[in-house]
Amino acid sequence: DELISQIAAGEVVERPASVVRELLDNALDAGATHITVRLLAGGVRLIAVEDNGCGIPHTELALALRRHATSKISSLHELETVATMGFRGEALAAICAVSETALLSRPPEQDSAFLLDARSGEVRPVARSQGTTVEVKELFYSTPARRKFLKSDATELAHCIEAVRRQALARPDVGFAIWHEGKLVEQWRATLVPGQEGKDALARRLGDVLKQDWVAQSTAVQYTQGLVTVTGRVGLPEAARTRPDQQFVYVNGRFIRDKIITHAVRSAYEDVLHGQRQPVYVLYIDIDPARVDVNVHPTKIEVRFRDSREVHQAVRHAIENALALPRA
Ligand code: ADP
Ligand code: MG
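Keep in mind that this is a model prediction, so the values were computed, not measured.

Neighbouring strands of a sheet are bound in pairs by backbone hydrogen bonds; such pairs are parallel or else antiparallel. Taken in spatial order, the 5 strands line up as β9-β10-β13-β11-β12 in an open sheet, and their pairing is mixed. In the strand order of this sheet, the two ends are held by β9 (218–225) and β12 (254–256), each with one partner. Strand-to-strand twist in this sheet, taken as the mean axis angle between neighbours without regard to direction, amounts to 20°. Judged from the 7 bridges that link them, strand β10 (residues 228–235) and strand β13 (residues 281–287) form a sheet pairing that is antiparallel. Bridge assignment links Val-230 to a residue of β13, and that residue is Ile-285.

A separate point is the site of ligand 1. Lining the immediate surroundings of ligand 1 are 23 residues, of which Asn-26, Ala-30, Thr-70, Ser-71 and Gly-86 lie closest. Where the shell around ligand 1 is concerned, the elements lending two or more residues are α2 (16–29) and α5 (91–97). By residue class, the composition of the shell around ligand 1 is 10 nonpolar, 8 polar and 5 charged.

A word on the pairing of strand β4 (residues 113–117). Moving residue by residue along a regular strand, the side chains alternate between the two faces of the sheet. Relative to β4, strand β3 (residues 100–106) is paired through 4 bridges, and the arrangement is antiparallel. Across the sheet, the residue bridging to Ala-102 is Asp-117, located in β4. The hairpin formed by β3 and β4 contains 6 residues between the paired strands. As paired strands, β4 and strand β5 (residues 123–126) are joined by 4 bridges and run antiparallel to one another. Bridging across to β5, Leu-116 finds its partner in Val-123. Between β4 and the antiparallel strand that follows it, β5, lie 5 residues; Gly-121 among them carries a positive phi value of about 80°.

Basis of the calculations
- Residues numbered from 1 in each chain as written.
- Chains lettered and ligands numbered in written order.
- Predicted model: local features only at pLDDT ≥ 70, side-chain atom pairs only at ≥ 80, totals over all residues.
- Pairing = 2+ DSSP bridges.
- Helix = DSSP H or I, 4+ residues; strand = E, 2+ residues; numbered from the N terminus.
- Axes fitted to C-alpha atoms, helices over the stretch in contact; angles between N-to-C directions.
- Near = placed C-beta within 6 Å.
- Nonpolar A, V, L, I, M, F, W, Y, C, P; charged D, E, K, R; others polar.

Now the structure itself:
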């Protein structure tokens, strides 16, 4: 069983950034409006993710760490239309299998927080306001072969920051802070606050994360074709860069990588971009959840569309429209 859980963990946890992503997904699923990520040694020594979400009752702390335990879906039917980031119930179990994990949580109805030490199974009261903290220490301590595959702390840190940045671009209603070795390295305040003017909240978040001048040199996308809606911003051809790492695509709020979408974007830009230059873009694709399968890969970074031509066309036309390009 130990072996099986190590193998399963390998599919979910590749490096500190994979842990950061899973813990952020959980915090967002818990309705957090502020999330703090604290790291030591690029996340290898410590990843702590603190949220102000709904919390986990102390009686359910141990269950949360168990494999295939999810509180998010209860039937195959719900899997078809899953609206939460998580649903496989694998992440915490996988993370526990390859690190020293502790879970601290306080739901609003409890007067104290409780800490579960995953290794010893001990539960004790601790001080904490409402929400959850997951502490992941010494990643891959029991599998030195995998630990050896990790890059320098600086590289692992950069991947962790990238994981937070991807979520931040999709959630202007949530504040994010990243600390490394006790220093604040990034902070993005919520730009969409309930009860306040939400106009341009997304553009402000994009400006905070991707730099204001990019927002100024980009154009808004707003397009619906059939059951697919594409929004976001695309960079103007003049502002294209040679570094290919600034393309952000979300399907129903989930960051994904997809060849069909990349191809659709490239086709839209084909006549205006030459050579190796890459546009910077942030696209939010909203589609009926029944027309996209998110349960393709344990890390959920890949999806499968029921009708990929439909998505290809919508994305291509959305960008051609935004750039006011003549349609081929
Ligand atoms: P999944 O997200 O696929 O359900 P996980 O292993 O990531 O599986 O988490 C297991 C369960 O632990 C979740 O279904 C949820 O009930 C609980 N949980 C995990 N993280 C949090 C959190 N930050 N706040 C509240 N509940 C959480
Ligand atoms: Mg999860």
